[in-house]
Amino acid sequence: MVGERQITAVLGPTNTGKTHYAIERMLSYPTGMIGLPLRLLAREVYDRIVTARGPSVVALVTGEERIVPPRAKYWVCTVEAMPEGIGPDFLAVDEVQLCADPERGHVFTDRLLRARGTQETLFLGSDTMRAVISELVPEVYFIRRERMSELTYSGARKISRMPARSAIVGFSVDNVYAVAELIRRQKGGAAVVMGALSPRTRNAQVELYQNGDVDFLVATDAIGMGLNLDIDHVAFSALSKFDGRRMRPLAPNELAQIAGRAGRGMNHGTFGVTGEAHPLDGAVADAIMAHRFTPIRKLNWRNSRLEFGSIDTLIGSLDAAPDASLLIKAREADDLLALKTLAAQAEIRARTNDVSSVKLLWDVCRIPDFRGISHAEHTNLLQGIFEFLHESGQVPNDWMARQVYRLDRIEGDIDALSKRLAFIRTWTYVAQRKGWIDDEKHWRDETRAVEDRLSDALHERLTQRFVDRRTSVLLRRLKQKEALLAEVNDKGEVTVEGEFVGRLEGFRFSADKSDSGREAKTLQQAALQALAPQFHLRADRIYNAPDTEIDFTEQGGLMWGEHAVGKLVAGADPLKPIVEAFVDDEAGTEVAQKVQRRLQHFIDRKIAALFEPLLSLSRDEELIGLARGFAFRMTEGLGILPRGEVADDVKQLDQDARGLLRKHGIRFGQFTIFMPLLLKPAPTRLRLVLWSLSCGLQEFPEAPPPGLVTVPSGDGLPRGYHAMAGYRAAGDRAIRIDMLERLADMLRAEDSRGGFEATADMLSITGMTLDQFANLMGGLGYKPEKGEREKVKLTAPAATDSSEPVVEVELAMDNVVEKESLKANAAEAPSVNVAAQDQTEVVSASADANEFPESADVSTDTEASEKELEVFYKFTWGGRQNNRAPRRGTPQGRRDQSAGEQRKKDNKGGKPSAKTGKPKGKGFRRDGGNKNFEARPPKQDKIDPDNPFAAALMGLTKKD
């Protein structure tokens, strides 16, 4: 100690331990007081001293908070709230360089000039104050403290590349919120610290940062005033601020005060710029790193020796000019401006007619404008409070209650809660003033409780908006290299450490769609790391799963339950596709290989089961020569070959070769050569997928619905689709190839040269109307000619002894016979549309009971009966060029081969005549110029019992 009353100025840059040194010095005395620049910092220091000495001896005094135990020995205050007349043994004022601040500087200057401890006084601050303190306080003793760590300028850096444990500093609420929102999207979240926050909200936000829930802090310059945080890097998002009057650039020493928060203790720190802030000038950056700044030469000052004789006298004393060259008159503060505004009102002047009234008015004017709405509204509020205090000496309880309780609401967004907090601070300040209200303790507790509830709600809203708890939790656990607990429920929802992060679809993780950018990447990284055991568990399950749990889609996908687990890609052979498994890389090669092997086994077995006849054909070693080559073509065509594409190959096959091929279920039809067993829905569905793969189609056509004889031929379908689907396009529709061959068998018995009409059986197996059938026949090469004729009505014979006409009995019997015949046909073709049976009754020109209404007598006079017309079609062969009917004028005598010749060629190998195209031999005769041909039934070959249509052919033979 130097002398009995030592005054020491401890100066130096940030991170020198000045505040810590002051606390230790204060606790070495029986009593002490410390003034701090922010109530946030005051609360922090208060908590430290309470921990060391207990709450019964520590007082906290700020504008909005007053905790004064009866035996208080240590006072922790904001500089503005430091009480006078206590006379502590030790007194300290922190951040004394704020004497130069235009708004608050006069308060710090007053403490520098007048505040003293009875034994020791400490002034803590920047080295820029050395000269002016030496001039104004000659007896001061200086201690220089050096920074404990290095501070380095790192230049400009994008927010997306900001390192962990960084603080981004802005100078407006909008700027702070915008930066915090950006960090939430890219980094998972940030804590928010602003001077306007209540201590409770600020502490909760700081705790988020300090405990590692988030790695980023977005703050105003409030963090520059002694807040001790674990910050490695400080980035300025702006380099200018609004000082209450205008926007101005920050001075180098102000930037250094904030940048100095980087690096605590012995840890080095860095600082730089981000966002729209331009890089720092080299000289400024060097000055911050070397802690060399222009000395402060002028301090703001306002007269503290006030005179309260009248309002004018008070205003005059406040406007007094300093008498020292180092002091400059402070600009007009809010309290002085409010005093001048109220002094202009006659009612206020009438009330302030004595010293106590003037002092009361001045005390009221010093209520801070926490709300910041407007100067007029603030002075109106002050006027109301002054009038209450002047009239009754207290603010009425009911009026106070209305002001407080209307703010006690925690719903709303961040802005709404922030406004309520600002408003409640006014009433918290009023409640702290001794003698202003009745039951001071009640209202101090009440306003504090409301502020706490609003503070907690604001902290919750800030966290909801600017912190993604899922990402922050996962990041912290990843950083700590702890095992993450992942769970997958029966719906595939993935939670990691209880937080929903996405879905596991098969063996691929799909992150939550609400996440984006780096946030989504972080979640995916953490989730995949935690899901490693789940991947192996699922791989074991699918490997042991039965084939019934796996299926393929018509687009070549492979499904395990509801999840896509792979897809088929073309192999060297259409019947040997390759499986590509859908497995995330993070699952590992072992899982991927196990899934791929299981899916390959599935599709190989599926092909072996559904295409067994075709595979058996390809493996038959008895097939040699042309038969083996044809079997290869059949395998290559996946069991279906349009006859026109292999006509030459078929001609070269002898009967023995055809017999060997028929034993494998191959049918040589007039239009298509196919294996009937492969026309079932399941092989057809798979065949279309395999064919689409081999053709390299981008979008696979789907199989027709099962059970339909005809389907629309469609437009834009790839070439060869109808054959692979088991159909042949003819006109507007495509007919199933097995039914087409049955129709062809019927057409052979008809006179295709002279023309014929459709029979009920023809319509029955196609399930078509007469007009639809005509369009189909046109597509098959026949020329339909439409006509109309008088509908023939049958006459009934004379009635016998029976009272009922005989014709009705006969017609009824005819209907029974006809319907039984239709039922037999339907039994042979179970896929025929049932509606066709009704159609045949309409088309038949034979007697029909519907033509004879029960209520009418059967007329025998055809001339007297009303004429009815019916539509009919006559079909003649027109050639099969391009599957279309011949153009008008094409000779009818030109065609490739008749149906009978084609069948003879398939079954007996007979050769057509070179001249007429008809086979030579008996059984044909020519009738006059009409050129009508008739043929007796040809000699039937023995029917192969292995033929799948043996029963139907046998029935036709017996009928003939």
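Reading the values: the criteria
Starting afresh in each chain, residues are numbered from 1 along the sequence in its written order. Whole-chain, interface and lining totals are the exception, using all residues; otherwise, since this is a predicted model, local features are given only for residues with pLDDT of at least 70 and side-chain atom pairs are given and counted only at 80 or more. Here the side-chain values reflect all heavy atoms present in the structure, with hydrogen atoms and water set aside. Each helix is a run of H or I in the DSSP string that is no shorter than four residues. Each strand is a run of E no shorter than two, and both are numbered from the N terminus. Residue exposure (1.4 Å probe, protein chains only): buried if accessible area is under 20% of the type maximum, exposed if over 50%, otherwise partly exposed. Residue contacts are counted whenever heavy atoms from the two residues lie within 4.5 Å of one another. The Shrake-Rupley method, run with a 1.4 Å probe, gives the accessible areas here. Residue values count only the displayed protein chains as cover. Only when DSSP finds a minimum of two bridges between them are two strands counted as paired. What counts as an axis is a line fitted to C-alpha atoms, over the stretch in contact for a helix, and the angles between N-to-C directions run from 0 to 180 degrees. A helix is expected to span 1.5 Å for every residue after the first. What counts as a salt bridge is simple: a side-chain nitrogen of Lys or Arg found within 4 Å of a carboxyl oxygen of Asp or Glu. Stacked, edge-to-face and tilted are the three classes for Phe, Tyr and Trp ring pairs, Trp counted by its six-membered ring, which pair at centre distances within 6.5 Å; planes under 30 degrees apart are stacked, over 60 edge-to-face, the rest tilted. Remark: a charge is flagged as sitting over a ring if the NZ atom of Lys or the CZ atom of Arg is within 6 Å of the ring centre and within 35 degrees of the ring normal. Only buried residues count toward a nonpolar core. Its members are Ala, Val, Leu, Ile, Met, Phe, Trp, Tyr and Cys residues joined through side-chain atoms within 4.5 Å. Small angles under 35 degrees read as roughly parallel and large ones over 145 as roughly antiparallel, with 65 to 115 read as roughly perpendicular and the rest as oblique. Each crossing is labelled by how the near helix is turned from the far one, with a counterclockwise turn of less than a right angle marking it left-handed and a clockwise turn marking it right-handed. Under this grouping Gly is polar, as are all residues other than the nonpolar Ala, Val, Leu, Ile, Met, Phe, Trp, Tyr, Cys and Pro and the charged Asp, Glu, Lys and Arg. pLDDT is a per-residue confidence score from the predictor, ranging from 0 to 100.

Moving on, we come to the overall build of the chain. Helix and strand counts for the chain stand at 33 helices and 36 strands. The buried share of the chain, reckoned over its 960 residues, is 48%. Expressed as a percentage of contacts within the chain between residues at least 6 apart in sequence, the contacts between residues at least 24 apart total 68%. With the model as given, the accessible surface of the chain reaches about 47000 Å², and the carbon-plus-sulfur share is 49%.

The next point concerns the sheet that holds strand β6 (residues 90–93). Read across the open sheet, the eight strands follow the order β4-β3-β5-β2-β6-β7-β1-β8; overall the sheet is mixed. Two strands lie at the open edges of the sheet, namely β4 (66–67) and β8 (141–144), each paired on one side alone. Bridge count for strand β3 (residues 58–61) against β4 is two bridges, and the pairing is antiparallel. Within β4, the position partnered with Leu 60 by the bridge is Ile 67. In the packing of helix α2 (residues 39–53) onto the sheet, the strands contacted are β2 (32–36), β3, β4 and β5 (74–78), and the crossing angle to β5 comes to about 165°.

Another aspect to go through is helix α5 (residues 173–187). For α5, with 15 residues, the first-to-last C-alpha span of 20 Å sits near the 21 Å given by 1.5 Å per residue. Three or more residues of α5 are buried, namely Val 176, Tyr 177, Val 179, Ala 180, Glu 181, Ile 183, Arg 184 and Lys 187.

Compared with the 16 Å implied by 1.5 Å per residue over 12 residues, the 17 Å span of helix α27 (residues 737–748) between its first and last C-alpha is a close match. Here α27 has its buried residues at Ile 737, Asp 738, Met 739, Leu 740, Glu 741, Arg 742, Leu 743, Ala 744, Asp 745 and Leu 747.

Before going further, it helps to spend a moment on the pattern of salt bridges. Scanning the model with the defined rule gives 43 salt bridges in all. Note that Glu 493 is salt-bridged to Arg 503, the shortest N-O span being 3.5 Å. Of this pair, Glu 493 sits in strand β20 (residues 493–496) while Arg 503 sits in strand β21 (residues 499–505), placing them 10 residues apart in sequence. A relative accessible area of 25% means that Glu 493 is categorised as partly exposed. Each of Arg 43, Asp 47, Glu 65, Arg 200, Arg 448, Asp 452 and Asp 456 takes part in one network of salt bridges that share partners.

Our next topic: the packing of aromatic side chains. Enumeration according to the criterion identifies 14 aromatic pairs in this entry. Pairing Phe 388 with Trp 399 gives two aromatic rings, centres 5.0 Å apart and planes at 55°, and the pair type is tilted. One end of the pair, Phe 388, is in helix α13 (residues 375–392); the other, Trp 399, is in helix α14 (residues 397–405), and 11 residues separate them in sequence. Phe 388 sits in the partly exposed class, given a relative accessible area of 24%. Aromatic ring contacts, followed pair by pair, group Phe 756, Phe 773, Tyr 782, Tyr 873, Phe 875 and Trp 877 into a single cluster. The positively charged end of Arg 130 is found above the aromatic ring belonging to Phe 142, 4.5 Å away from the centroid. In this arrangement the basic side chain of Arg 658 is found over the ring face of Phe 668, its NZ or CZ atom lying 5.6 Å from the centre.

Time to look at the nonpolar core. With 72 residues, the main nonpolar core has Phe 507, Phe 509, Phe 611, Phe 630, Met 634 and Leu 661 as its most contacted residues. With seven residues, the top contributor of residues to this core is helix α20 (residues 589–610). Judged by nonpolar contacts, the second largest core, of 64 residues, contains Val 192, Leu 339, Leu 389 and Phe 466.

Moving on: the sheet that holds β21. Note: strands within a sheet are paired through backbone hydrogen bonds, in either parallel or antiparallel orientation. On the basis of which strands lie adjacent, the open sheet formed by four strands has the order β19-β20-β21-β22 and antiparallel pairing. Strands with a single pairing partner mark the edges of an open sheet, and in this sheet they are β19 (486–488) and β22 (508–511). In this sheet, neighbouring strand axes are inclined to one another by 35° on average, regardless of whether the strands run parallel or antiparallel. Pairing analysis gives four bridges linking β21 to β22, with the strands arranged antiparallel. Of the residues in β22, the one forming a bridge with Gly 502 is Ala 511.

So, on to the side chain of Arg 351. Mapped onto the fold, Arg 351 is located in helix α11 (residues 346–351). When residues no more than four places from it in sequence are discounted, the contact partners of Arg 351 are Ser 357, Phe 386, Glu 387, His 390 and Glu 391.

Glancing now at the environment of Ile 223. Along the chain, Ile 223 falls in the loop between β12 (216–219) and β13 (233–236). Between the C-alpha atoms of Ile 223 and Gln 257, which are 34 residues apart in sequence, the distance is 9.1 Å. In this view, Ile 223 contacts Ala 167, Val 169, Val 193, Leu 217, Ile 231, Ile 258 and Arg 261; residues no more than four positions away in its chain are not counted.

Moving on to the pairing of strand β7 (residues 120–125). In terms of residue burial, β7 counts as a mostly covered element, since six of its six residues are buried. Note that β6 and β7 share four bridges and pair parallel. The residue of β7 that forms the bridge with Ala 92 is Leu 122.

A separate point is the side chain of Thr 78. Mapped onto the secondary structure, Thr 78 falls in strand β5. Take Thr 78: its relative accessible area is 8%, and that puts it in the buried class. Those residues in contact with Thr 78 that sit more than four places away from it in its chain are Leu 36, Leu 38, Arg 39, Ala 42, Val 61, Thr 62 and Gly 63.

Let's shift gears to the packing of helix α15 (residues 414–432) against helix α16 (residues 440–466). Relative orientation of the contacting elements α15 and α16 amounts to 160°, with a least axis distance of 9 Å. Taken together, α15 and α16 sit at an angle that is classed as roughly antiparallel. Relative to α16, the crossing made by α15 is left-handed. Partitioned by chemical class, the residues of the contact of α15 with α16 number 13 nonpolar, five polar and five charged.

On average, residues of the chain score 81 in pLDDT, and 80% of them reach the 70 mark or higher. Confidence over residues 956–960 falls short of pLDDT 50; this stretch has three contacts with residues more than four positions distant or in other chains.

So, about the environment of Pro 706. In this structure, Pro 706 sits in the loop between α25 (681–695) and β30 (710–712). Look at Pro 706 and you get exposed, because its relative accessible area is 60%. Separated by 22 residues in the primary sequence, Pro 706 and Thr 684 place their C-alpha atoms 9.4 Å from one another.

Our next topic: the packing of helix α19 (residues 532–543) against α20. At their nearest, the axes of α19 and α20 sit 9 Å apart, and the two run at 20° to each other. Taken together, α19 and α20 sit at an angle that is classed as roughly parallel. Crossing hand, α19 versus α20: left-handed. In contact with Phe 535, His 536, Ala 539, Asp 540, Ile 542 and Tyr 543 of α19, α20 contributes Glu 590, Val 591, Lys 594, Val 595, Arg 597, Arg 598, Leu 599 and His 601. Across the contact of α19 with α20, the residue classes break down as seven nonpolar, two polar and five charged.

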